[in-house]
Amino acid sequence: MFKKEMIAMLLAGGQGSRLGVLTAKVAKPAVAFGGKYRIIDFPLSNCINSGIDTVGVLTQYQPLRLNTHIGIGIPWDLDRNVGGVSILPPYEKSSNSEWYTGTANAIYQNLNYMETYNPDYVLILSGDHIYKMDYEVMLDFHKANKADVTIAAMPVPIEEASRFGIVVTDSENRIKEFEEKPEKPSSNLASMGIYIFSWPVLRDALIKLKDQPNCDFGKHIIPYCHGKGDRLFAYEYNGYWKDVGTLSSYWEANMELIDIIPEFNLYEEFWKIYTNSASIPPQYISDQGVVDRCIISNGSEIYGEVHSSVLGSGVTIGKGSVVRDSIIMQGVNIGENCVIEKAIIAEDTVVGNGAVIGIGSEVPNKMKPNIYSGGLATIGENSVIPPGVQIGKNTAISGVTSIEDYDNGVLESGETLIKAGDRV
């Protein structure tokens, strides 16, 4: 048995259904962000920057790309003989096989992993938020208050508070009440889904509630600990934190990176964001290429115009093409004389010459109006957009490759084109 003061358990099995076709074939934490990064890079980088060298990553939905990206943890200095990063998928036990059915159930199924390190404290993280946080400072707060459970919390607009778990605290930051997504919130201090537990308290709660269906931290573990009189404290965080759970918030968070003075700075020396990036050549901008206020990753070739956009690695923008206010993920090939406005184009998609994406008026999407909104055109990975087609706003495309799939070469605003069998 190896003793560790604090280990981290990173929940990365999320399906991310509100990201629509972007997560049809990949877990939400593995979705690209900020050009060369993936969403999970941010909590992993926070861990190593905070001195946490033992991280269990709990995967479930479409884990292949996530597992490949993390590998043995070399980019984050998490390739350790003792500790380091471990991928923890659901597995078959001697008596039964069981998927992870809730956040706390997933942690419970990995009790043996945690017991291996006999930690004093366990940090519970989500794999799908964009932020920088020093967990060591949060641990100091936990110790100073002799807390059993510390919940990271941040103020949110009161009109949005019903979307979160809400904590009500006294003058010493001790939690008096915890409300999970209340209709009428008593405060605007929202749980960020980041918890530090003293290990005996967590272990007791997980075992006591092991038969609770879909056992969840916000709905079950926290109320259980509060109800039996454990010392619960709120650690207030006032930095940048973004849940990129919807297409609009995902697009906005990427666009914020290219502000003149970005609220979330990727270029700070003292708090680096690490990622697994391939050895690829530098970017190339031709004499006809125009680039204005963009993030452009290595290996990209620009022969047209790119304005206010975020480009992943290995992207090609053909001659005469104009891209504005868009996220173009790695390996996308955009042909010549295309016009692309406010689009999210996922990895390894090919856009034929003369295609126009993101035109027309903004009408609600007919199939999933709550997902495909904000005027975005969203194209899933490995799609082929035929030459000359026109695609409107609030649209989604996944898996289709033929001009015959389009009505007279047009996909009107609010329509979807999804290959049969693909998740939307």
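Basis of the calculations
Residues numbered from 1 in each chain as written. Predicted model: local features only at pLDDT ≥ 70, side-chain atom pairs only at ≥ 80, totals over all residues. Heavy atoms only, no water. Helix = DSSP H or I, 4+ residues; strand = E, 2+ residues; numbered from the N terminus. Buried < 20%, exposed > 50% of the residue type's maximum accessible area, 1.4 Å probe, protein only. Areas by Shrake-Rupley, 256 points an atom, 1.4 Å probe, with all protein chains shown as cover. Arc of directions from axis to C-beta. Polar contact = N/O pair within 3.5 Å; in protein donor to acceptor, adjacent residues only side chain to side chain. Phe/Tyr/Trp six-rings, centres within 6.5 Å; stacked < 30°, edge-to-face > 60°. Lys NZ or Arg CZ within 6 Å of the ring centre and 35° of its normal. Salt bridge = Lys/Arg side-chain N within 4 Å of Asp/Glu carboxyl O. Pairing = 2+ DSSP bridges. Core = buried A, V, L, I, M, F, W, Y, C linked by side-chain atoms within 4.5 Å. Contact = heavy atoms within 4.5 Å.

Draft legend 1. Molecular detail of the overall build of the protein. Secondary structure assignment for the protein yields 8 helices and 33 strands. Within the protein, the fraction of its 424 residues that count as buried is 55%. When the accessible area of the protein is evaluated, it comes to approximately 17,900 Å², of which 48% is carbon and sulfur surface.

Draft legend 2. Examining helix α5 (residues 135-144) more closely. Burial in α5 covers these residues: Tyr135, Met138, Leu139, Phe141 and His142. Here the buried residues of α5 occupy an arc of 155 degrees about the axis, which is enough to place them on one side. Two to three positions downstream of the cap, the backbone nitrogen of Glu136 sits 2.9 Å from a side-chain oxygen, assigning the N-cap of α5 to Asp134.

Draft legend 3. Just the packing of aromatic side chains, in detail. The tally for this structure, following the rule as stated, stands at 13 aromatic pairs. Here Phe141 and Phe233 contribute two aromatic rings whose centre-to-centre distance is 6.5 Å and whose plane-to-plane angle is 80 degrees, an arrangement assigned as edge-to-face. Of the two residues, Phe141 is situated in helix α5 and Phe233 in strand β12 (residues 232-236); the sequence distance between them amounts to 92 residues. For Phe141, a relative accessible area of 18% translates into the label buried. Note on Phe233: relative accessible area 2%, which makes it buried. An aromatic cluster is built from Phe33, Tyr37, Phe42, Tyr240, Tyr250 and Phe264, whose rings are joined through pairwise contacts. Residue placement shows Lys132 over the ring face of Phe264; its charged tip is 5.0 Å from the ring centre.

Draft legend 4. The arrangement of the pattern of salt bridges in detail. Per the counting criterion, the structure on display carries 15 salt bridges. When the shortest N-O distance is used, the salt bridge between Asp259 and Arg293 registers 3.6 Å. In this pair, Asp259 is assigned in the loop between α8 (247-256) and β14 (284-285) and Arg293 in the loop between β15 (290-292) and β16 (295-296), connecting sequence segments 34 residues apart. Overall, Asp259 belongs to the partly exposed group, its relative accessible area being 35%. One network of salt bridges, in which partners are shared, links Asp204, Lys208, Lys228 and Asp230.

Draft legend 5. The arrangement of the sheet that holds strand β23 (residues 333-334) in detail. Read across the open sheet, the 6 strands follow the order β14-β17-β20-β23-β26-β29; overall the sheet is parallel. The sheet is open, and its two edges are formed by β14 and β29 (384-385), each paired on a single side.

Draft legend 6. Inspection of the nonpolar core at higher detail. Grouped together as the largest cluster of nonpolar side chains are 37 residues, with contacts concentrated most on Val55, Leu123, Leu125, Met133, Tyr135 and Ile194. If you list the elements that add at least two residues to this core, you get β1 (6-11), α1 (41-49), β4 (54-58), β6 (121-126), α5, β8 (149-155), β11 (189-198) and β12. Formed by 36 residues, the second largest nonpolar core is a distinct cluster that contains Ile151, Phe178, Leu189 and Leu202.

Draft legend 7. Fine view of the pairing of β8. Among the 7 residues in β8, 6 count as buried, and that is most of the element. Examined bridge by bridge, β8 and β11 share 6 bridges and lie antiparallel to one another. Bridge pairing in β11 links Ile151 to Tyr195. Looking at chain direction, β8 and β12 are connected through 5 bridges and run parallel.

Draft legend 8. The environment of Leu247, seen in detail. Structurally, Leu247 is set in helix α8. Each C-alpha atom, one on Leu247 and one on Gly374, is 8.2 Å from the other, the two residues being 127 residues apart in sequence. Residues in contact with Leu247, not counting those within four places in the same chain, are Arg18, Leu19, Leu22, Ile344, Ile371, Tyr372, Leu376 and Thr378.

Draft legend 9. Region of the structure containing the side chain of Ser309. By the element assignment, Ser309 lies in the loop between β18 (305-307) and β19 (310-311). Here Ser309 falls in the buried class, since its relative accessible area comes to 0%. One polar contact links the side chain of Ser309 to the main-chain amide nitrogen of Ser326, over a distance of 3.1 Å. Ser309 has contacts with Met255, Ile258, Arg293, Cys294, Ile295, Val323, Arg324, Asp325 and Ser326, leaving out every residue within four places of it along the chain.

Draft legend 10. Structural detail: the pairing of β4. Counting buried residues in β4 gives 5 out of 5 residues, a clear majority hidden from the surface. Taking every second residue as pointing to the same face, both faces of β4 are buried, with Thr54, Gly56 and Leu58 on one and Val55 and Val57 on the other. The pairing of β1 with β4 spans 4 bridges and is parallel. Along β4, the bridge assignment pairs Met9 with Gly56.

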